[in-house]
Amino acid sequence: MGTAERIQDNEIGDVRRALGGFLRARRERVAPEQVGLTGGGRRRVRGLRREELAQLAGISVDYYVRLEQGRAVQPSPEVLDALAGALRLDAAERRHLVTLADVRRKSAPSGEVSPLLQQILDGLTRFPAFATNHRLDVVAWNALGAELAGGLAAPARRDLNQARYLFLDPASRAVFPDWEDRAAESAGLLRASTGRYPDDAELAALIGELSDRSTDFQRIWATGEVVMCAKGQKQLRHPEAGLLPLDYETLHVPAGPGEIGLVVHVFGSVDGDQDALARLAAVTAK
């Protein structure tokens, strides 16, 4: 399958098809009973029918069909809000829906690491940290972050693209005990990026490569999930420091007004293993 076909199949680069594909995937996820509708016995399709969603959102069936088929553009904020409510979208999904409906083309940020950002990372001597761009390339790190994430400072140990590492390197499954969650997060972040930057050829090529080489990526991508970086807990396993349950925060470094440039991932231990960072620091200092 050629690159152009892969891009078309993944609805990247065509904002109208991307919007329709996202609406269809979310519609299929909602059971009629969840929104107060009778299931009506056996159904030929999963989730809501088009006419049911249109009714819940208060729009005509014809208009909704044109939206899902990519034949209608720039739905109003009121229509988007009604669809988001009917589909029970979370905050990340709502933002993605609005982004897909904006037909203005956005240039992908360069993702350059400023000397000051690198100084900040290096100054976080007690906390593992690394920065990624919208394609999930790891572009900067400190010493603890490099060791925590599987050897960022040694290119021979791992691919510096987080998605490629997760889906194409078997070693990632040992580093991430909750691999399925991390893989879904990675695919969801990439999907959000395709909405923001539909003309990014490098991003399209990455998704095409993952689609060709990983059945896991195909499976997870087909769910249509969207993820935005946030905070929480993750588990990573280090060959010497052992299992490291850590809390994390994500800090956004804007590339420009209204743009998401780099995301800095900072790890600590508030509710997790209090000795985890000490074990990692001891290994890193060797």
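Just above, that's the structure.
Everything quoted here is computed from the prediction, not taken from an experiment.

Undergrad: What exactly am I supposed to notice about the pattern of salt bridges here?
TA: One side chain can pair with another of opposite charge once the charged atoms of both are near each other. Tallying each qualifying case throughout the model produces 21 salt bridges. The partner of Asp216 in a salt bridge is Arg219, and the shortest N-O contact between them spans 3.0 Å. Linking Asp216 with Arg219, this pair stays in helix α13 (residues 215-221), spanning 3 residues, or about one helical turn. A residue is classified by how much of its surface remains accessible, and Asp216, at 22% relative accessible area, is partly exposed. Judged by its relative accessible area of 41%, Arg219 is partly exposed. Shared partners join several salt bridges into a network, and the residues in it are Arg26, Arg29, Glu93 and Glu225.

Undergrad: Sorry if this is basic, but what is going on with the nonpolar core here?
TA: Generally speaking, nonpolar side chains in soluble globular proteins are found buried as a group. Core analysis: the biggest nonpolar cluster contains 36 residues, and Phe167, Leu190 and Phe217 have the highest contact counts within it. Going through the elements one at a time, α8 (143-148), α9 (162-168), α11 (179-196), α12 (201-213), α13, β4 (242-253) and α14 (276-284) are the ones with two or more residues in this core. Ranked by the residues each element gives to this core, the list is headed by α11, at 5 residues. For Phe167, the contacting residues outside a window of four places in its chain are Trp179, Ala183, Ser186, Ala187, Leu210, Ser214, Asp216, Phe217 and Ile220.

Undergrad: Is there a simple way to think about the packing of aromatic side chains in this case?
TA: Centre-to-centre distance and the angle between the planes together describe a pair of aromatic rings. Taken as a whole and judged by the stated rule, the model has 5 aromatic pairs. On the basis of an interplanar angle of 25° and a centroid distance of 5.4 Å, the ring pair of Phe217 and Trp221 is categorised as stacked. One end of the pair, Phe217, and the other, Trp221, are both in helix α13, 4 residues apart, so they sit about a helical turn from each other. Exposure class is identical for Phe217 and Trp221. Each is buried. Members of the aromatic cluster, each reached through a chain of ring pairs, are Phe167, Trp179, Phe217 and Trp221. Of note, Arg191 hangs over the ring of Trp221, and the distance from its end group to the ring centre comes to 4.0 Å. Lying across the ring of Tyr248, Lys234 places its NZ or CZ 4.6 Å from the centre.

Undergrad: Quick question: what am I supposed to make of the packing of α11 against α12 here?
TA: The packing of two helices is summarised by the inter-axis angle and the distance between the axes. Look at α11 against α12: their axes get within 10 Å of each other, and the N-to-C directions meet at 145°. Between α11 and α12 lies a crossing of left-handed hand. Residues Leu190, Ser193 and Thr194 of α11 form the contact with α12, whose participating residues are Leu203, Leu206, Ile207 and Leu210.

Undergrad: Would you explain the side chain of Asp200 in this entry?
TA: Among the structural elements, Asp200 can be located in the loop between α11 and α12. On the basis of relative accessible area, Asp200 is assigned to the buried category, the value being 7%. Side-chain polar atoms of Asp200 contact the side chain of His134, separated by 2.6 Å. At 3.0 Å, the side chain of Asp200 forms a polar contact with the backbone nitrogen of Glu202. Ignoring anything within four residues of it in the chain, the contact list for Asp200 reads Ala108, His134 and Arg135.

About the thresholds
Residues numbered from 1 in each chain as written. Predicted model: local features only at pLDDT ≥ 70, side-chain atom pairs only at ≥ 80, totals over all residues. Heavy atoms only, no water. Salt bridge = Lys/Arg side-chain N within 4 Å of Asp/Glu carboxyl O. Helix = DSSP H or I, 4+ residues; strand = E, 2+ residues; numbered from the N terminus. Buried < 20%, exposed > 50% of the residue type's maximum accessible area, 1.4 Å probe, protein only. Core = buried A, V, L, I, M, F, W, Y, C linked by side-chain atoms within 4.5 Å. Contact = heavy atoms within 4.5 Å. Phe/Tyr/Trp six-rings, centres within 6.5 Å; stacked < 30°, edge-to-face > 60°. Lys NZ or Arg CZ within 6 Å of the ring centre and 35° of its normal. Axes fitted to C-alpha atoms, helices over the stretch in contact; angles between N-to-C directions. Left-handed = near helix turned anticlockwise from the far one by under 90°. Polar contact = N/O pair within 3.5 Å; in protein donor to acceptor, adjacent residues only side chain to side chain.

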